[in-house]
Amino acid sequence: MSDTAASGPDRQPIWSRPERGSRGPAPAHSRDAIVVAAITLADTEGLAAVSMRAVAAALGTGAGSLYRYLSSRDDLLDLMTDRAVGELRPYPQVEGDWSETMVLLGRRQLAVFGAHPWLLDVIHRPSGIGPQSLAWFDNCIRILEPVRCPVAAKFETIAMMTGVVSLFARRESAAGAFSFAGVDLAAYPHLVAAFSQPSGPAPRADLVERTLRSLLTGLLLGDSTEAG
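Notes on the structure in this doc start here. Since the model is a prediction, treat every value here as computed from it, not as a measurement.

**What about helix α11 (residues 207–220)?**
Here is step 1 of the chain: Helix length check: α11, at 14 residues, gives a terminal C-alpha distance of 20 Å against a target of 20 Å (1.5 Å per residue), a fit within 8%.
Here is step 2 of the chain: Turning to α11, its buried residues are V208, L212, L215, L216 and L220. For α11, the angular spread of buried residues about the axis comes to 95°, placing them on one side.
Here is step 3 of the chain: The opening residue of α11 is D206, an N-cap whose side-chain oxygen sits 3.3 Å from the backbone nitrogen of V208.

Next up, the structure:
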């Protein structure tokens, strides 16, 4: 199969294919070892550094040998993404308010994005959904069982939570890049007025928590009520 066909929209998900092809010599590496090497490369040098040739070099083999395990770089990115999502385990048990548990999961997502910045560039790729990602969705639906609302709203909320967390992760990666310091605001009266007002007491919860709570309650509760 060519790389073009292997990476097209109709390609078979990597998780539904055998660990390696049936032909050729005995395997010298595992699919898991290849993914670990690729993640290590992405963590240290960035996603652009991850090529079949570079990963093969890290494993001390030729690029051609990797095609016994994967059909394309897209397969590799799919596996890397799913393995990173697996770092959200072990999932917490719901103790008390379901929203507390969802906020905790959101913070874990933020930590995973922080550990693997490249994940921000691949998480929204159109690809097959892997076992770890399926387990993540299953766990979130478990936590949201007490909420009385359509299941479609729950899936939308889970997706929105991931999107919002990714925005916070991007903001953290670009920390210090934006500032009004040294800017003449004389021509912008509303900004001048805003900065002249007292700041007031600091919120009890940080911005991540406040945003996630607002998102969860706004999308899931609305006019509905929680089950007892």
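**Some words on the layout of surface pockets**
Here is step 1 of the chain: Its volume calculated, the largest pocket comes out at about 470 Å³.
Here is step 2 of the chain: Lining the largest pocket we find 24 residues, and of these T81, V85, I123, S133 and F137 sit closest to its centre.
Here is step 3 of the chain: If one sorts the elements of the lining of the largest pocket by residue count, helix α5 (residues 73–85) sits on top with four residues.
Here is step 4 of the chain: In terms of residue class, the lining of the largest pocket is made up of 13 nonpolar, eight polar and three charged.

**What about the packing of aromatic side chains?**
The relative placement of two aromatic rings is captured by the distance of their centres and the angle of their planes.
Here is step 1 of the chain: One pass over the full model with this rule turns up one aromatic pair.
Here is step 2 of the chain: Geometrically, the ring pair formed by F137 and F155 is tilted, given 6.2 Å between the ring centres and 45° between the ring planes. Of the two residues, F137 is situated in helix α8 (residues 131–143) and F155 in helix α9 (residues 151–173); the sequence distance between them amounts to 18 residues.

**Structural notes on a nonpolar patch on the surface**
Here is step 1 of the chain: On the surface, F180, V183, Y188, L191 and F195 cluster together to form a nonpolar patch covering roughly 470 Å² of accessible area.
Here is step 2 of the chain: Assignment of secondary structure puts F195 in helix α10 (residues 189–196).

**Section: the packing of helix α6 (residues 98–115) against α11**
Here is step 1 of the chain: The contact between α6 and α11 brings their axes to 10 Å, and the two run at 130°. The orientation of α6 with respect to α11, classified from their angle, is oblique. Handedness of the crossing formed by α6 with α11: right-handed. Contacts from W98, S99, E100, M102, V103, G106, R107 and L110 in α6 reach V208, E209, L212, R213, L216 and L220 in α11.
Here is step 2 of the chain: Residues of the contact of α6 with α11, tallied by class, amount to eight nonpolar, two polar and four charged.

**Quick word on the nonpolar core**
Soluble, globular proteins show a tendency: their nonpolar side chains are buried together.
Here is step 1 of the chain: Among the nonpolar cores identified, the biggest contains 56 residues, and V55, L76, M80, M102, W118 and W136 are the most heavily contacted of them.
Here is step 2 of the chain: When neighbours within four sequence positions are excluded, M102 is seen to be in contact with C140, I143, L144, M161 and L216.

**Section: α8**
Here is step 1 of the chain: For α8, built from 13 residues, the straight-helix expectation of 18 Å at 1.5 Å per residue is met to within 8% by its first-to-last C-alpha distance of 18 Å.
Here is step 2 of the chain: Those residues of α8 not exposed but buried are S133, A135, W136, N139, C140 and I143. Each buried residue of α8 lies within a common arc of 155° when the element is viewed along its axis, so the set occupies one face.

**Thoughts on the pattern of salt bridges**
Here is step 1 of the chain: This model, assessed by the stated rule, comprises seven salt bridges.
Here is step 2 of the chain: Here R125 makes a salt bridge to D78, at a shortest N to O gap of 2.8 Å. On the criterion of sequence distance, the pair formed by R125 in the loop between α7 (119–122) and α8 and D78 in helix α5 is long-range, its members being 47 residues apart. When sorted by exposure, R125 lands in the same class as D78, which is buried.
Here is step 3 of the chain: Here R107 ties to E209 by a salt bridge, and the two come within 3.6 Å at their closest N and O atoms. With R107 in helix α6 and E209 in helix α11, this pair connects stretches of sequence that are 102 residues apart.
Here is step 4 of the chain: Where salt bridges share partners, they join E100, R107, D206, E209 and R213 into one cluster.

So, how was this worked out
- Think of each chain on its own: its residues are numbered from 1, step by step along the sequence as written.
- Restriction of local features to residues with pLDDT of at least 70 applies here, the model being predicted, together with a cutoff of 80 or more for giving and counting side-chain atom pairs; totals for whole chains, interfaces and linings are based on all residues.
- Only hydrogens and water are set aside; all other atoms, that is, all heavy atoms of the structure, feed into the side-chain values.
- The way it works is that DSSP assigns letters per residue, a run of H or I at least four long becomes a helix, a run of E at least two long becomes a strand, and they are numbered from the N terminus.
- Multiplying 1.5 Å by the residue count of a helix minus one yields the expected span of that helix.
- Under the scheme applied here, a residue whose accessible area is under 20% of the maximum for its type counts as buried, over 50% as exposed, and between as partly exposed, the area being computed with a 1.4 Å probe on protein chains only.
- Think of the arc as the fan of directions from the helix axis to the C-beta atoms.
- Polar contact criterion, stated in full: a pair of N or O atoms within 3.5 Å, where within protein one must be able to donate a hydrogen and the other to accept it, and residues adjacent in sequence count only if both atoms are side-chain atoms.
- Here a cavity means grid points, on a 1 Å grid over the protein atoms only, where a 1.4 Å probe fits yet cannot get out; a pocket means an open set of points with protein on both sides within 12 Å along at least five of seven lines; lining residues are those with an atom within 4 Å of a point.
- Grid points are joined across faces, edges and corners, and a volume is the space filled by probe spheres set on the points.
- Lys, Arg, Asp and Glu make up the charged group, whereas Ala, Val, Leu, Ile, Met, Phe, Trp, Tyr, Cys and Pro make up the nonpolar group; the residues left over, Gly among them, are polar.
- Between 30 and 60 degrees the pair is tilted, below 30 it is stacked and above 60 it is edge-to-face, where a pair is any two Phe, Tyr or Trp rings, Trp via its six-membered ring, whose centres lie within 6.5 Å.
- Patch members must show over 30% relative accessible area and no salt bridge, and they are joined within 9 Å when carrying like charges or within 5 Å when they are nonpolar side chains of Val, Leu, Ile, Met, Phe, Trp or Tyr.
- Surface accessibility in these figures is a Shrake-Rupley result with a 1.4 Å probe; residues are shielded only by whichever protein chains are displayed.
- We count a salt bridge whenever a side-chain nitrogen from Lys or Arg sits within 4 Å of a carboxyl oxygen from Asp or Glu.
- Between N-to-C directions, angles span 0 to 180 degrees; the directions come from axes that are lines fitted to C-alpha atoms, helices contributing only their stretch in contact.
- Relative orientations are named as follows: roughly parallel for angles under 35 degrees, roughly antiparallel for angles over 145 degrees, roughly perpendicular for angles from 65 to 115 degrees, and oblique for any other angle.
- Crossing handedness is read from the near helix: turned anticlockwise from the far helix by less than a right angle, it gives a left-handed crossing, and turned clockwise, a right-handed one.
- The contact definition used throughout considers only heavy atoms, calling two residues in contact when any of these lie within 4.5 Å.
- Note on terminology: a nonpolar core comprises buried Ala, Val, Leu, Ile, Met, Phe, Trp, Tyr and Cys residues joined through side-chain atoms within 4.5 Å.

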